[in-house]
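As a plain string of letters, each chain reads:
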Amino acid sequence: MARIRLENLKKHYGKVKAVDDISLDIQDKEFVIFLGPSGCGKTTTLRCIAGLEAANGGNIFFDEKRVNDLEPADRNIAMVFQFYALYPHLNAYKNIIFPLKAEKMSSHEIKKKVMWVAELLRLEHTLNRKISELPDGDKQKVALARAIVRNPEVLLLDEPLSALDEKFREQMRIEFLKIQKALSVTTVYVTHDQREAMTLADRIIVMKEGKIIEVGEPEKLYEEPKNLFTGYFIGSPGMNFIACRAGEEGNIITEGNATIHFSKAVQKKVKDISIEKFIFGIRPEYLYFSKTIMKEGNYLKVKIINQETIQQIQYGNFYLGNNLYKCLMQDSESAGSVERYVVFHDEKIRFYDPESGEIL
Amino acid sequence: MTNLEYIKYARKEKLIKYFFLWPALIILLFLIAYPFIMLIYYSFFNFSFLRPVNTKFIGFKNYVNILTDTYTWERFIFTFKYVALAVSIQFILGILIAHLLQSEFRGREAVFTIVLMPMMLCPVVVGLFWKYMFNTEWGIMNYFVHNVLGFNQVEWLGTERNSLWATIIADTWMWTPFMILLSSAAFSSIPKYLYEAASVDRASNFFKFTNITLPLSAPILILALIFRLMDAMKQFDLVYTLTGGGPGDATQTVSFTLYKTAFQYFYTGEGSAWAFILLIIIIGLSSILIKILNYLSERNR
Amino acid sequence: MVKLDHISKSFGSIQALKDVSLTINEGEIFVLLGPTGAGKTTTLKITAGLIKPDEGNVYIKDNDVTDVPSAFRNISFVFENYNLFPIYNVYKNIAFALKSKLLRVDDAEIERRIKLVSKDLHIEQLLDRPTSTLSGGETQRIALARALVRQAGLNLFDEPLSNLDLKLREELRVEFKELHKQYQSTIFYVTHDHDSAVSIADRIGILHEGVLHQIDTPENLIKNPVHINVASLINYPAINVLDCRLVGKKLNADGLLLYELTDAELHAIEKVTDKKDFQIGLKPRDIKMGKGKNQLSFSGKVLNIEYQGYNKVINVDLFGSNIRMITNEIVHKEYGDEINISFSKNDVLLFGRDNGKRIK
């Protein structure tokens, strides 16, 4: 059993608050990912959980046992670092058995464990090779093998894929999922790559400037982000955020003085918004470029200035005021310079408070 | 830039290059190349600087005389004993102290500076004041040994064995800082995350030291060893001022004997032969160590 | 504008570049794409004059500059690791190159150019800051400013975005393209990141282990790769590669029938080679769920589903190989479920197993 609970965790370096009052519950065998830009505090949080950094405030519990004062060695954790942290003067095999030797396990036991882990990660052929001769992907696999060979209760990973080429990253993502399921180990993973987070996590914890912005399952965070930052950071391309204010009849006026027309149901919601200036958010994939509109539906007049293909999907770019937004071009229609429309559904509309970033 | 301008500029560059080179070349020629060639030349003559008149070419006679003299071998054995003991102690002590100084503590920088000071002194100065410290009657060493610890007074520079150890102590005092400096540099270049990974893997401090620190710093440590060995083999200043080669000729290193031959007896030719023999030995020793160094560097890459 | 003619370069026993020739047109963005160690940085440095080639010539604007040092080639270079001078503040960093005696730019002109460039890159407020206080994105913008302010005929970039967060990278890519439109400069950009290459390049050159396989627009490279390495590098997610064997008229993978060739197709293959071992490449987006009309259909087991927001990548076990397909439909399958997949024969790319060359 390895539940992890963070209670008001705080860590600062001088005046800088790296981790600013974080509370979180991680279930046993769960795969959670801390996601955020550089400097948001995700790595610091991970290192506090590992015991490599001492927290300045708050508590860390493993299965309701307070571990703040325990050394990393006493927390029964394993860790995979960004730069592999492999011992360069040993070959792959010796690297993997390092933790076992440190625990003074019998050589018979050691051999059994290494064989099991090598089979799991398909490393049988690389065991005898020097670390410096291995391609980056294999190096990371060896680091992973070393971490799991001890059967830890908690597995911690600090941006393990950022140093790898795209090709290896794809392969390793599948390996991670496989390992995590096979071992049923509580896993805490840190990254700035939202694609990794979306593919691997049971739950994603979005962080910014030392605070938790939002926590949720990948699909939930993608479809229904409760915070502006979540919608911005997750998904490629990011959500469209259009600054606007209420117009007549429950429609809204955007920057550049364009009017977005809403269906009756949405108009009611708009009338309930109490603040003057707010943000209209919708994902580009849910803005459909169309030649025609339904009078009672949601629509906006746009002029597509160019098209872009991102991740095999065709998007069109249009301006509202000084800002560029994206919409979905189905069947790669040619945009022309004529004004057309983008239409969208009620459920995909989200309004945010520009100050707090929270949903309205 | 057009091609024409480039050609003018390139020509100017070439001239500047040569202008900077020739002072260094002249120094190399006169201060290194010439003396060295003359050294080898004179070693084949019974040349004496004081009486240059009867100089005769004697071929390898100087070398044969030196190498067949049992006195020579006694001196070599003493020098090897001294070098082996002194350098080993400095090596181990240096590594241990450097390891202790690795951790951050208040006043670390000050301690570091103090620890490095002995190295900055002249060997002659070091020899002189250790000679006073080792004085049997009123030296401070015997003060501690006799008055504080209650042992008999030690005749530091009086007996053969004692004077060997006295020299080793003085030499270690002066040169351990060198080992500390290089070891510290080697230790700090090891990436911290290797230790973190080892911590997570539950390695004890001893395990970390022997399995991470030592293997990864081995190339620089061996380099330091090479420096110290080469230097210790040539030991003269310290012996000259501390013991004067005594008692008798008990602490005469090979270098000291060379000095006597060339500047007391003025057998310049024979002295040159001595110098050359010493050179060959040092080259031999260093080559072996450099091979080890290369092997270790390769393994660590 | 730039021509590399039969360039070869070795470092000791390793041959970094093997007979590389390419041409870059004036005003275009040319990207060299390849995995780490392919030789991209070497190619860039040879173009800059920082490395001398063993064989071959470099031409800039029809002048043979192979022996001309970098300072005289009228180029700017942005390094992977920013290389800002820590002792100067931002303004002095950007002005550095302009103050050199070689360029002879007077102070008034320097100030004018810096003002212009910092406005375009949104760094006006950073001009008097010391370099130690800057974030990753800011540092990169300044490195960019330093290159642009030179108004060099040729601008070289060595993976300038690789050290940045994913989101930042996506944003800077767009800015990069906008800047190029404005400055109309010739750009030679080198990267291992597929997304960066495809989104900014006019033309891409695929470099793999020192061999330049193909140069073309991104669309053409995807449609018509001439070598399996081109197909693997230009497609994201990675293209599926299956080993197969020609038995009579049947193309078999792992003993099971893939499809039968028509006489015309068989003839076309035999014209090029008499070998029977091949590899086929299949793009994930060309595979659809379910049985399609006029399509080859197969049944496999679901290994896992990667959720990437709008797109989902399904890993299917087919003939013992892991086939990836991409779809944006809603998928209701789980690990172990049977799934039907289909693709068109026309979407299959055939490559020789021995040399990797494409067979039409």
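The shown structure was predicted, so the numbers you read here are calculated from the model rather than taken from an experiment.

### With respect to the overall build of chain A
- A count of helices and strands for chain A gives 9 helices and 21 strands.
- In terms of overall dimensions, chain A has C-alpha extents of about 80 × 45 × 35 Å along its principal axes.
- Counting over 360 residues, chain A shows a buried share of 44%.
- Looking at chain A alone, contacts between residues at least 24 apart form 67% of all its contacts between residues at least 6 apart.

### Details of the sheet that holds strand E18 (residues 321–327) of chain C
- One open sheet holds the 5 strands; their spatial order is E15-E19-E16-E17-E18 (chain C), and the pairing between them is antiparallel. This sheet does not close on itself; its edge strands, each paired only once, are strand E15 (288–289) and E18 of chain C.

### So, the confidence of the model for chain B
- This prediction gives chain B a mean pLDDT of 86; 97% of its residues lie at or above 70.
- Two summary scores accompany this predicted model of the complex, namely pTM at 0.80 and ipTM at 0.75.

### Notes on helix H4 (residues 136–148) of chain C
All names here are of chain C.
- Taking 1.5 Å per residue as the helical rise, H4 with its 13 residues ought to reach 18 Å, and the 18 Å between its terminal C-alpha atoms agrees with that figure.
- The element H4 is largely enclosed, with a buried count of 10 among its 13 residues.
- Listed in full, the buried residues belonging to H4 are Thr139, Gln140, Arg141, Ile142, Ala143, Leu144, Ala145, Arg146, Ala147 and Leu148.

### So, the interface of chain A and chain C
- With 24 residues of chain A at the interface, the matching set in chain C holds 22 residues.
- Within the residue set of the side of chain A that touches chain C, elements represented by two or more residues are helix H5 (166–183), helix H6 (194–200) and helix H7 (218–223) of chain A.
- Looking at the side of chain A that touches chain C, the element that brings in the most residues is H5(A), giving 5 residues.

### Description of the sheet that holds strand E11 (residues 240–247) of chain C
Residue and element names in this part refer to chain C.
- The strand order E13-E12-E11-E14-E20-E21 describes an open sheet built from 6 strands, whose pairing is antiparallel. Across the chains shown, the open sheet's two edge strands, defined by having one partner strand only, are strand E13 (256–260) and strand E21 (358–359).
- Pairing of strand E14 (residues 277–282) with strand E20 (residues 349–352) involves 4 bridges; the strand directions are antiparallel. By the bridge assignment for E20, Gly281 is matched with Leu349.

What counts and what doesn't
Residues numbered from 1 in each chain as written. Chains lettered and ligands numbered in written order. Predicted model: local features only at pLDDT ≥ 70, side-chain atom pairs only at ≥ 80, totals over all residues. Helix = DSSP H or I, 4+ residues; strand = E, 2+ residues; numbered from the N terminus. Buried ≥ 20, exposed ≤ 12 C-beta atoms within 10 Å, placed from the backbone. Contact = placed C-beta atoms within 7 Å. Pairing = 2+ DSSP bridges. pLDDT = per-residue confidence, 0-100. Expected span 1.5 Å × (residues − 1).

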